[in-house]
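In case you want the letters, here they are:
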Amino acid sequence: MDLRIKLLKDDKLSYKDTVKNISNKDQILKFNLLDVITTIDTANKIFIRENDEYIFYLDIIKKKSNIYLKQEDIKFDINVDYSKLELKDEQIIIEYMIESEDSKINLIIDRK
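Residues numbered from 1 in each chain as written. Predicted model: local features only at pLDDT ≥ 70, side-chain atom pairs only at ≥ 80, totals over all residues. Heavy atoms only, no water.

Caption draft 1: The arrangement of the pattern of salt bridges in detail. Taken as a whole, this structure holds five salt bridges when the rule is applied. Here K84 makes a salt bridge to E86, at a shortest N to O gap of 3.5 Å. On the basis of relative accessible area, K84 is assigned to the partly exposed category, the value being 33%. Close ionic contact of E86 with K88 constitutes a salt bridge, the shortest N to O distance being 3.5 Å. (Salt bridge = Lys/Arg side-chain N within 4 Å of Asp/Glu carboxyl O. Buried < 20%, exposed > 50% of the residue type's maximum accessible area, 1.4 Å probe, protein only.)

Caption draft 2: Highlighting the environment of E99. For E99, the position within the fold is in the loop between β9 (91-98) and β10 (105-110). With relative accessibility at 47%, the residue E99 sits in the partly exposed group. Spatially, the C-alpha atoms of E99 and I22 are 30 Å apart, while their sequence positions differ by 77 residues. Residue contacts for E99: discarding those within four places in its chain leaves D77, I78, N79 and D81. (Helix = DSSP H or I, 4+ residues; strand = E, 2+ residues; numbered from the N terminus. Contact = heavy atoms within 4.5 Å.)

Caption draft 3: Representation of the sheet that holds strand β2 (residues 12-25). Spatial ordering of the closed barrel is given by β1-β2-β3-β4-β5-β6-β7-β8-β9-β10, a layout of ten strands whose pairing is antiparallel. For this sheet, the mean inter-axis angle between neighbouring strands, taken without regard to orientation, is 25°. Relative to strand β3 (residues 28-33), β2 runs antiparallel, the two being bridged by four bridges. Paired with S23 across the bridge in β3 is K30. (Pairing = 2+ DSSP bridges. Axes fitted to C-alpha atoms, helices over the stretch in contact; angles between N-to-C directions.)

Caption draft 4: Unusual backbone geometry, seen in detail. Of note, D73 is a non-glycine position whose phi angle comes to about 55°, a positive value. With respect to the secondary-structure elements, D73 resides in the loop between β7 (64-69) and β8 (74-88). Look at D73 and you get exposed, because its relative accessible area is 56%. One non-glycine residue, D89, lies in the positive phi region at around 30°.

Caption draft 5: Structural view of the layout of surface pockets. Volume-wise, the largest pocket comes out at about 370 Å³. Surrounding the largest pocket, 17 residues form its lining, R49, Y54, Y96, E101 and I105 being those nearest its centre. Of all the secondary-structure elements, those providing two or more residues to the lining of the largest pocket are β1 (2-9), β5 (46-50), β6 (54-59), β9 and β10. Along the lines of polarity and charge, the residues of the lining of the largest pocket split into twelve nonpolar, two polar and three charged. (1 Å grid on protein atoms, 1.4 Å probe; cavity = no way out; pocket = protein on both sides within 12 Å on 5 of 7 lines; lining within 4 Å. Points joined across faces, edges and corners; volume = space filled by probe spheres on them. Nonpolar A, V, L, I, M, F, W, Y, C, P; charged D, E, K, R; others polar.)

Structure (structure tokens):
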């Protein structure tokens, strides 16, 4: 299944692409976006981005986030100002604002 991805920063389009879905099992969607494996657990509302350098973790319900730097073996908590996951028919929308970003992030995924 192809996924149409839009990444917006402060409601302005920052990136747009169509990517291949790596996995879609048990309400967990996994795909490669900008050389980072992105995992969305829609049941538990967890958003994870991982590459060779780091793992970014966001619990949307609990509004908790952290980043783990692999080479340094250090984990930092990140304050979450706002987080939301919305499921609409064939669309997933993730919105969040964290202290380490200067803009609100919107990730819109169309699963058509």
